[in-house]
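Summary of the model geometry
Now for the letters of each chain:
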Amino acid sequence: MRRALTIRACAAGLLAAGLAGCASYGSVTLDRDRLDYTSAVANSWKQQTLLNIVKLRYADTPIFVDVGQIVSGYQLQVGGSASGTIFPGGSAGTLPSPNFFSLGASGSFTDRPTITYTPLTGSAFIRTLMTPIPPVRLMELIDTGYPADLLFLVGVQEVNGVSNRRAGGRAHVADPEFVQMLRALRRIQDSGAIGFRIEPDKETGKRDRLVMFFPRGEVAPGISEERQSVRRLLHLDPERMDFQIIYGSDTDRDDVLAIQTRSAMQILGVLSSYITLPEEHVRDGLAFPVPPPAHDLPRLMAITSGSSRPDSAFVAVRYRDLWFWIEDRDLGSKSIFTFLLILMTLADTGEKAPLPVLTIPTQ
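Below is a short write-up of the structure. From a predicted model like this one, the values you see are computed outputs, not experimental measurements.

**Some words on the overall build of the protein chain**
In terms of helices and strands, the protein chain carries nine helices and 11 strands. Each of the 363 residues in the protein chain was classed as buried or not, and the buried ones make up 37%. In the protein chain, the share of contacts with a sequence separation of at least 24, taken over all contacts with a separation of at least 6, comes to 65%. Total accessible area on the protein chain stands at roughly 20800 Å², and carbon and sulfur atoms take up 55% of it.

**Some thoughts on the pairing of strand S8 (residues 256-261)**
Counting buried residues in S8 gives five out of six residues, a clear majority hidden from the surface. Examined bridge by bridge, strand S3 (residues 156-159) and S8 share three bridges and lie antiparallel to one another. Note that in S8 the partner of Val156 across the bridge is Thr261. In terms of strand pairing, strand S7 (residues 242-247) meets S8 through four bridges, oriented parallel. The residue of S8 that forms the bridge with Ile246 is Ala258.

**Details of the sheet that holds strand S9 (residues 304-306)**
An order of S9-S11-S10 is seen for the three strands of this open sheet, with the pairing classed as antiparallel. Each edge of the open sheet is held by one strand with a lone partner, namely S9 and strand S10 (313-319). Across the sheet, the mean angle separating the axes of adjacent strands is 25° when strand polarity is ignored.

**Notes on the nonpolar core**
Among the nonpolar cores identified, the biggest contains 75 residues, and Met139, Phe152, Val159, Met181, Leu271, Phe324 and Phe337 are the most heavily contacted of them. Contact partners of Phe152, with chain neighbours within four places excluded, come to Met139, Ile142, Val159, Asn164, Phe178, Met181, Leu182, Leu185 and Ile259.

**Brief notes about the packing of aromatic side chains**
Under the defined criterion, the tally for this structure stands at six aromatic pairs. When the ring centre of Tyr274 is taken as reference, the NZ or CZ atom of Arg165 above it lies at 4.7 Å. For the cation-ring pair, Arg197 lies above Phe213, with the distance from its terminal atom to the ring centre recorded as 4.9 Å.

**A word on the sheet that holds strand S4 (residues 162-163)**
Pairing is mixed across the open sheet formed by six strands, whose spatial order is S4-S3-S8-S7-S6-S5. Each edge of the sheet is formed by a strand with only one pairing partner; in this case those strands are S4 and strand S5 (195-199).

**What to know about helix H3 (residues 135-143)**
Those residues of H3 that fall on the buried side of the exposure criterion are Pro135, Val136, Leu138, Met139, Leu141 and Ile142. Residue Gly145 follows H3 closely and has a positive phi angle near 115°.

**Overview of the pattern of salt bridges**
With the rule as written, the count across this model stands at 13 salt bridges. Between Asp190 and Arg186 there is a salt bridge whose closest N-O contact spans 3.3 Å. On the criterion of helical spacing, the pair formed by Asp190 and Arg186 is a turn pair, its members being four residues apart in helix H5 (residues 176-191). Residue classification places Arg186 among the partly exposed residues on the basis of a relative accessible area of 30%. Through salt bridges with shared partners, one network takes in Arg197, Glu199, Arg209, Arg240 and Asp242.

**Re a nonpolar patch on the surface**
Side chains of Val41, Ile63, Val65, Val67, Ile70, Ile115 and Tyr117 sit close together on the surface and give an oily, nonpolar patch of about 540 Å² of accessible area. Residue assignment for the nonpolar patch shows that the elements contributing at least two residues are strand S1 (65-84) and strand S2 (101-119). With three residues, the single largest contributor to the nonpolar patch is S1. Checked against the element boundaries, Val41 lands in helix H1 (residues 2-57).

**Remarks on the pairing of strand S6 (residues 209-213)**
Of the pairings in the sheet, the one linking S5 to S6 comprises five bridges and is antiparallel in character. Paired with Ile198 across the strands is Leu210, a residue of S6. Of the pairings in the sheet, the one linking S6 to S7 comprises four bridges and is antiparallel in character. Considered in S7, the bridge of Met212 is made with Phe243.

**Concerning the side chain of Gln48**
With respect to the helices and strands, Gln48 occurs in helix H1. Given the relative accessible area of 18%, Gln48 is considered buried. Among the polar contacts made by the side chain of Gln48, one reaches the main-chain amide nitrogen of Val65 at a distance of 2.7 Å. When sequence neighbours within four positions are dropped, the list of residues in contact with Gln48 reads Ile63, Phe64 and Val65.

**Points about unusual backbone geometry**
A positive phi angle is found at Ala59, which is not glycine, with a value near 55°. Mapped onto the elements, Ala59 comes out in the loop between H1 and S1. Despite not being glycine, His235 shows a phi value in the positive range, around 60°. Tracing the sequence through the fold places His235 in the loop between helix H6 (223-233) and S7.

Criteria and thresholds
Residues numbered from 1 in each chain as written. Predicted model: local features only at pLDDT ≥ 70, side-chain atom pairs only at ≥ 80, totals over all residues. Heavy atoms only, no water. Helix = DSSP H or I, 4+ residues; strand = E, 2+ residues; numbered from the N terminus. Buried < 20%, exposed > 50% of the residue type's maximum accessible area, 1.4 Å probe, protein only. Contact = heavy atoms within 4.5 Å. Areas by Shrake-Rupley, 256 points an atom, 1.4 Å probe, with all protein chains shown as cover. Pairing = 2+ DSSP bridges. Axes fitted to C-alpha atoms, helices over the stretch in contact; angles between N-to-C directions. Core = buried A, V, L, I, M, F, W, Y, C linked by side-chain atoms within 4.5 Å. Phe/Tyr/Trp six-rings, centres within 6.5 Å; stacked < 30°, edge-to-face > 60°. Lys NZ or Arg CZ within 6 Å of the ring centre and 35° of its normal. Salt bridge = Lys/Arg side-chain N within 4 Å of Asp/Glu carboxyl O. Patch = residues over 30% accessible without salt bridge, like charges linked within 9 Å, V, L, I, M, F, W, Y side chains within 5 Å. Polar contact = N/O pair within 3.5 Å; in protein donor to acceptor, adjacent residues only side chain to side chain.

As structure tokens, this is what we get:
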């Protein structure tokens, strides 16, 4: 009788251990899996973005696929069994059976991740990649401390008829006045002598009138001259302290700042001009040529190419039997590349399409 109780206790212990493992497994995997999926999505976005930058240099079709949902389901099953004979003796004249007691265990683990992908096509493609970034979004970033010269260099194509660098089939160098304006804006911003506000439009009554203004009062030495330089370069009223901002490439008014912002596709195209690739690819017409460096304009990004996979790269992709990558030690290029995520998010101004409905069976 005592032996039977012992066998039952062993079986109960195995069952309890299995149930305890099932109860705690989900919480154990949360930290690990969340970080793993975060890293995988980030790496995938970097590779996709770099690949599309390279494709644009070769006049190839860029394809963007968003990760819609990630649902990870786990199932852990553990079982145990025990059996025995209370009286293990054999028949008369024979030894006891060696199989009077047996133990058994079983287990299974199932991982069923469900990931949905949404290709950007149709209206979603136009909304996300072809729509220019609203000027108000860029001014908000400047007002919160982002460098004005960097934002204009990356996200703006033209201001009051003064043009930034172009790439692709219409490649040309930036106007000298654009470079001078960038330097002046940065010095004015660093001194705190520029600001932006949204005020009601007198005609519509809505708060949709974006204004750039120069605060009155004392300013640091030389800043008044920098303000006057910006007014002169952009053909603005030399006595006025505030200017309405509109979207456009130019204006005939001296109290308006017309800013033609770039779309996400234009930004990617401009960045593709910073790829170093074999000269024969340009000579043979496989890739677009690039305009020469202009007026000490800073190089936004360095994308290198080679026949072998790099040892240490921030991001690397393979295209046309070549590897293209950004060096992990190139902080400037890495910062611009990461900043792309913010700019592409700003360009997406429409409503998101509804995600597919997933039905997850209960266990």
